[in-house]
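# Observations on chain architecture
Here's the letter readout for the chains.
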Amino acid sequence: MKPWLALFILLTLIIPRSIAENINSLWSKVEQAEQKKLPKSAIKILDQILELTRQSQTRGHYLKALSKKILNQAHILGKQPRDKVKILREKISSSPKADRPILQAILAIWFWHYHEQNRYKFSQRSTTSGLENEDFTTWDSPKLFHEVGSLFEQALKDRRHLRSLILKDFEPLVERGSLGYGYCKTLYEFLAREALRFYKHGLQTLPKPQDAFEIEADSHALSESENFLSYKPDTTDTDSLLLKALEIYQELLTYLKKTQNEDAYLDTEISRLIFFHENALGTVKKERFRRRLQELVGQHPHSKLSALATHQLAKLAEIDQDLVLAVELCSGPISKFPGSSGATLCRNLTNRITAKEYNVKIEHTLNVSNSSALVEYKNLTTLHIRIVKDSWRRVLEEDWANPGDHLNDQQMQSILGKEPVAQWSVSLSETSDYKQTSEEIDLPPLKYGYYRLLISHRSDFGRSSGNKVVQGAFWSTDTTLLLRRLNTKIQGLVVDARDGKPLQGRTIEIFKRGKRGRYGYFQSVQSKEDGTFFFHKPEKNRYGTYLFYARSTTGDVLFHEPMGHGNRRNKQVSRGVLFYTDRSLYRP
């Protein structure tokens, strides 16, 4: 949800049905005009909405139409962010007092929205503090965030008025999909949460001052509600976003406790604990966080909001690698509050922990002394295995050839359609703790050649119903091919993998990468008596990427990665003079 959209506050008006239908029709026309990029037409329709709603006691349609009109006016003026801000500032100063908090919140979120759309500009901008400039597009992040914070403070200043406005009247533009917002009853609660969201974001964006306010893990920030509400931290960093967030949490929780809104109170209390657990310093914060969550679950056993606290407890268990406890904790909310948000989060966590996972690691070359693969897995006891012969030349002749393990969907489907040279199933040890483990599987003897090892949870190797097929490419060969780069040449060595003896007179075919990433034959070299060979940088077309393929009676093999020549640079001697002086003599 874009934050400024949430605050185009639309109140449901108690007006005659015919007028309400007329307004809805006008909004549809506004949307059509904006989609066609016709701002003048949109403004004419918005003026009709403004006229229809100007005298109404509830101001939702009016304020939304006013905001929309400002955006379209700015569009006509050249779509500059500064224009819409200037127009809205003027409207705020001339608006009725009751409308100003909403308009100030809209303005704050417009500033914030601009910063998020242009983060790359702000990241490269030097400080602008002390410069009086009305053009906010030239400000640095601290200055803009200070303005946003000031606007939120102004918007929340008249709390009594905001607490009298029922949020249900704002529903058409306040999306309740986000956790927490669904428990708000007043506009005050909603704006307080928006301010909190901004302060939390700012903590991750702005640099900290030298005397930055910090939360200690053993402070009352993670205490039970009573001690937290009376907590008055001592700090000189009075502009701290962390401090401002703490104060809003205190005010919001005090209000919710007074109004006896249990759901909103419990949701905000859990949010408070999560926030300060993330931002506190000290080794005891996890245990204090865990203990407080357990207290909340015990104090509110019949509230569906307790499921959110249980989910946090399960996440802590997951972090501690106690996955059995995490699943056990999640089972409570899933069965007790199946339709709650907490149960949904617990269900997702349980599914992630108990999901069947497996992967395979295999060496590039296999022989009699090295004929196994490593399978990593969890939450399954049987895997099905196939070995399929593949064509290495086909791989090189494809566009943007990748001689490694990667296969696209079409290539994978083609491999699965081939007749396997071997297939079998393996039984695996049970992972009752839900943790990943690994086992080596032995491969059967194979003729020399290029193969792919395929592993599946299903015996038919189907790629639907949550099944995946993992694969790895390898060569069955008794030949080892080694390469290294030596400035303007590449040196290679061909040996017998069984005893390490050099292989003389073996042909090494060299393939060069060409158009569309395809590899074509370039030239051949022969290995010497000691098994070595050299490939010198060509005089023409000096730069390139090459693959090396060794032919041998002990089995062919393709080197596992492309190689290129080095580039020797002539050493250059530079001369210069360095002049040193005392820094105290420097004057700007």
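Reading the values: rules and limits
- Residues numbered from 1 in each chain as written.
- Predicted model: local features only at pLDDT ≥ 70, side-chain atom pairs only at ≥ 80, totals over all residues.
- Heavy atoms only, no water.
- Helix = DSSP H or I, 4+ residues; strand = E, 2+ residues; numbered from the N terminus.
- Buried < 20%, exposed > 50% of the residue type's maximum accessible area, 1.4 Å probe, protein only.
- Contact = heavy atoms within 4.5 Å.
- Areas by Shrake-Rupley, 256 points an atom, 1.4 Å probe, with all protein chains shown as cover.
- Expected span 1.5 Å × (residues − 1).
- Polar contact = N/O pair within 3.5 Å; in protein donor to acceptor, adjacent residues only side chain to side chain.
- Pairing = 2+ DSSP bridges.
- Salt bridge = Lys/Arg side-chain N within 4 Å of Asp/Glu carboxyl O.
- pLDDT = per-residue confidence, 0-100.
- Axes fitted to C-alpha atoms, helices over the stretch in contact; angles between N-to-C directions.
- Parallel < 35°, antiparallel > 145°, perpendicular 65-115°, else oblique.
- Left-handed = near helix turned anticlockwise from the far one by under 90°.
- Nonpolar A, V, L, I, M, F, W, Y, C, P; charged D, E, K, R; others polar.

### Points about the overall build of the protein
In terms of helices and strands, the protein carries 19 helices and 17 strands. Residues classed as buried in the protein amount to 47% of the 588 residues present. Considering only contacts within the protein whose residues lie at least 6 apart along the sequence, 65% involve residues at least 24 apart. For the protein, the accessible area works out to roughly 32000 Å², and carbon and sulfur atoms hold 48% of it.

### So, unusual backbone geometry
Comment: phi is negative for the bulk of residues other than glycine, and the bulk of peptide bonds are trans. If you check the backbone angles, K37 has positive phi at about 55° while not being a glycine. With respect to the helices and strands, the residue K37 is situated in the loop between α2 (17-35) and α3 (39-53).

### Digging into helix α12 (residues 241-259)
The terminal C-alpha atoms of α12 lie 27 Å apart, and with 19 residues this matches the ideal 27 Å at 1.5 Å per residue to within 8%. The N-terminus of α12 is capped by S240, whose side-chain oxygen sits 3.1 Å from the backbone nitrogen of L242. After α12 finishes, the residue Q260 shows a positive phi value of roughly 60°.

### Section: the sheet that holds strand β13 (residues 507-513)
Sheet architecture is open: four strands sit in the order β14-β13-β16-β17, paired in antiparallel fashion. Each edge of the open sheet is held by one strand with a lone partner, namely β14 (519-526) and β17 (557-558). Bridging between β13 and strand β16 (residues 546-551) involves six bridges; their strand directions are antiparallel. Looking across to β16, one finds that I508 is bridged to A550.

### Some details on the pattern of salt bridges
The tally for this structure, following the rule as stated, stands at 29 salt bridges. A salt bridge links K418 to D390; the nearest nitrogen and oxygen atoms lie 3.4 Å apart. On the criterion of sequence distance, the pair formed by K418 in the loop between α19 (409-416) and β7 (422-427) and D390 in the loop between β6 (382-389) and α18 (392-396) is long-range, its members being 28 residues apart. Given a relative accessible area of 7%, D390 falls into the buried group. A network of salt bridges, in which partner residues are shared, links D390, R394, E398, K418 and R452.

### Side note on the sheet that holds strand β9 (residues 449-456)
By definition, the strands of a sheet pair up through backbone hydrogen bonds, in either a parallel or an antiparallel sense. Pairing in this open sheet of five strands is mixed, and the strands run β4-β10-β9-β6-β7 from one edge to the other. Two strands close off the open sheet at either side, each with one partner strand: β4 (365-366) and β7. Across six bridges, β6 lies against β9 in antiparallel orientation. Paired with I387 across the strands is L453, a residue of β9.

### A look at the environment of T479
The topology assignment puts T479 in strand β11 (residues 479-486). For the pair T479 and G500, spaced 21 residues apart in the sequence, the C-alpha separation amounts to 9.3 Å. Beyond its immediate chain neighbours, meaning those up to four positions away, T479 contacts V494, V495, A497, L503, S552, T554, G555 and V557. Side-chain polar atoms of T479 contact the backbone oxygen of G555, separated by 2.6 Å.

### Description of the side chain of R288
Here R288 lies in helix α14 (residues 285-299). Setting aside residues no more than four positions away along its own chain, R288 makes contact with A217, D218, S219, L222 and S223.

### Brief notes about the confidence of the model for the protein
A low pLDDT score tells you not to read the predicted coordinates there in detail. Looking at the protein, pLDDT values average 87 and 89% of them are 70 or higher. This model gives residues 583-588 a pLDDT under 50, and the stretch forms zero contacts once residues within four places in sequence are excluded.

### Notes on the packing of helix α6 (residues 100-117) against helix α8 (residues 141-155)
For the pair α6 and α8, interaxial distance at closest approach is 8 Å and the crossing angle is 160°. Relative to α8, the element α6 lies roughly antiparallel. As for the relative orientation of α6 and α8, their crossing is left-handed in sense. Counted together, P101, Q104, A105, L107, A108, I109, F111, W112, Y114 and H115 of α6 and S141, L144, F145, E147, V148, L151, F152, Q154 and A155 of α8 form the full contact between these two elements. Per-class residue counts for the contact of α6 with α8 are 14 nonpolar, four polar and one charged.

### With respect to the side chain of D478
Positionally, D478 belongs in the loop between β10 (469-476) and β11. According to the relative accessible area criterion, D478 is buried, its value standing at 7%. A polar contact of 2.6 Å, which involves the side chain of D478, links it to the side chain of Y448. Apart from the residues within four sequence positions on either side, D478 is in contact with N367, V368, Y448, V495, D496, A497, R498 and T554.

### A closer look at the environment of L162
Assignment of secondary structure puts L162 in helix α9 (residues 159-163). Put simply, L162 and L191 are 29 residues apart on the chain and 8.8 Å apart in space, counted from C-alpha to C-alpha. Excluding anything up to four places from it in sequence, L162 contacts P101, A155, L156, T186, L187, Y188 and L191.

### Quick notes on α8
An α-helix turns once per 3.6 residues; consequently, residues spaced three or four apart project the same way. Helix length check: α8, at 15 residues, gives a terminal C-alpha distance of 21 Å against a target of 21 Å (1.5 Å per residue), a fit within 8%. Check the buried side of α8 and you find it contacts α5 (81-94), α6, α7 (119-123), α9 and α10 (187-205). One side-chain oxygen of the residue at the start of α8 lies 3.0 Å from the amide nitrogen of K143, identifying that residue as D140.

### Brief notes about the packing of α10 against helix α13 (residues 262-279)
Where α10 contacts α13, the axes come no closer than 13 Å and their chain directions differ by 10°. On the basis of their axis angle, the class for α10 and α13 is roughly parallel. Residues E189, R193, K200, L203 and Q204 of α10 lie in contact with α13, whose contacting residues are A264, D267, T268, S271, F275 and N279. Partitioned by chemical class, the residues of the contact of α10 with α13 number three nonpolar, four polar and four charged.

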